[in-house]
Amino acid sequence: MKQLQRLATLPGVRLAVGMPDLHPGSRFPIGCAIAAEGIYPALIGSDVGCGIALYPLSSSASRARANPKKLASLLKGLDDPWSGSTAEWLAKYGIERSSDFDKDSLGTVGAGNHFAEICTPERIVDASAAASMNIAQDALYLLVHTGSRGLGASILDSPHFAEYLVEHDYAVKWAVANRDLVAHRIKGCLSGASNLRDGYEDDEHPHPDSLDKIIDVTHNSVTRHSLTVEGQTSELWVHRKGAAPADKGVVPCPGSCGDFSWLLQPIGNGQHNAHSLAHGAGRRYGRQVMHTGAKINKSTLTTTSLGSEVICMDPDLLIEERPEAYKDVQCVVEDMENQNVCKGVVVLRPVVTYKMGERGAGRK
């Protein structure tokens, strides 16, 4: 809260909103939306474009739920550089330039709280909204949470307003392309298991349209919105650092490894929450705190209390990302529902959560 209160005093800041997943960052808080007359790049942070996307995997989840370990064993090579043409892939997103991050990072999840999670509906709360997205009770889905993989950090020093906006939009597009490529690679891993994917071909010249993406939400960005603050309506720049936009339709709100995730429908006029929602459970404890206390047997952390599997070959990250590190996502959702800013649509149950393989741990 102290970090958020300090942000509220910056010149030009008109509104500072903390979400229920608010927690301290290294300099600025995570889980907030800041509406200002100008742009503060540091408030968005280095991972510009970070977000979460949802994709269909299979019309039947029964075999996957019955044997998560076998499903996890199929996810290989996801930290290796992609063997396809990154230039060709990026061109499909209107990106005609190259960066130092394309070859080794495009199509990879990364570290920290990023993940790719195979999941299935545990409960459909709003059948009509779920049906409009073609979400079915016994189907298998993929959540991908990752961003611009270092590219965003490289634009923080852009000296001019217009230049920063151009680079910001580039990083946002790159991050979308990255999430889609992660999904493509995971679908490719499953392509040999006929019961786990529906008609997806890992072809030589893949196209993002074949992913049938359901949702893609960016929660680290800055966008322009009309807001009324203290009776005055004006166009303001809403900086989201770990906050999902509430004006783009249904948004994911994931829990920790081994917890449920939610799909939420934003409601209300967006004025008192700056058109934003929580982007997840939010950390309860810092990473260093998770290494204190009794010694943890890391082998016990790869199978969760829900029976899902966690793939994380970095032992430190496995400890830092265990469920106890995060707030209860159910409480986060209830807090927002009590404020009449969203309503639940679907509860998703994890089957396999991919954090980092052996190569990713070796490249840290």
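This text follows the structure it describes.
Nothing here was measured: the structure is a model prediction, and the numbers come from that model. (Residues numbered from 1 in each chain as written. Predicted model: local features only at pLDDT ≥ 70, side-chain atom pairs only at ≥ 80, totals over all residues. Heavy atoms only, no water.)

**A word on the pairing of strand S4 (residues 115–124)**
Under the convention used in this document: Exposure classes here rest on a 1.4 Å probe applied to the protein chains alone. A residue is buried below 20% of its type maximum, exposed above 50%, and partly exposed in between. Each helix is a run of H or I in the DSSP string that is no shorter than four residues. Each strand is a run of E no shorter than two, and both are numbered from the N terminus. Only strands that DSSP links by at least two bridges are regarded as paired with each other.
Of all ten residues making up S4, seven are buried, and the element is well covered by its neighbours. Where S4 lies against strand S5 (residues 140–146), five bridges are found, and the strand directions are antiparallel. Pairing of Ala116 across the sheet is with Val144, part of S5. With eight bridges joining them, S4 and strand S14 (residues 342–356) adopt antiparallel strand pairing. Each bridged residue has a counterpart across the sheet, and for Arg123 the counterpart in S14 is Val347.

**Some points on the pattern of salt bridges**
Note the threshold: By definition, a salt bridge exists where a carboxyl oxygen of Asp or Glu is found within 4 Å of a side-chain nitrogen of Lys or Arg.
Within this structure, the stated rule accounts for 15 salt bridges. Of the charged contacts in the structure, one is a salt bridge between Asp104 and Lys103, with a shortest N-O distance of 3.8 Å. As a salt-bridge pair, Glu324 and Arg322 come within 3.5 Å of each other at their nearest N and O atoms.

**Quick look at the nonpolar core**
Defined as follows: Residues belong to a common nonpolar core when they are buried Ala, Val, Leu, Ile, Met, Phe, Trp, Tyr or Cys residues joined through side-chain atoms within 4.5 Å. Every residue pair with non-hydrogen atoms within 4.5 Å of one another is taken to be in contact.
With 55 residues, the main nonpolar core has Ile135, Cys253, Leu263, Leu264 and Met336 as its most contacted residues. If you tally residues by element for this core, the top one is S14, at six residues. When residues no more than four places from it in sequence are discounted, the contact partners of Met336 are Pro20, Cys253, Leu264, Leu277, Ala278, Val341 and Cys342. Formed by 24 residues, the second largest nonpolar core is a distinct cluster that contains Leu75, Leu78, Ala116 and Tyr354.

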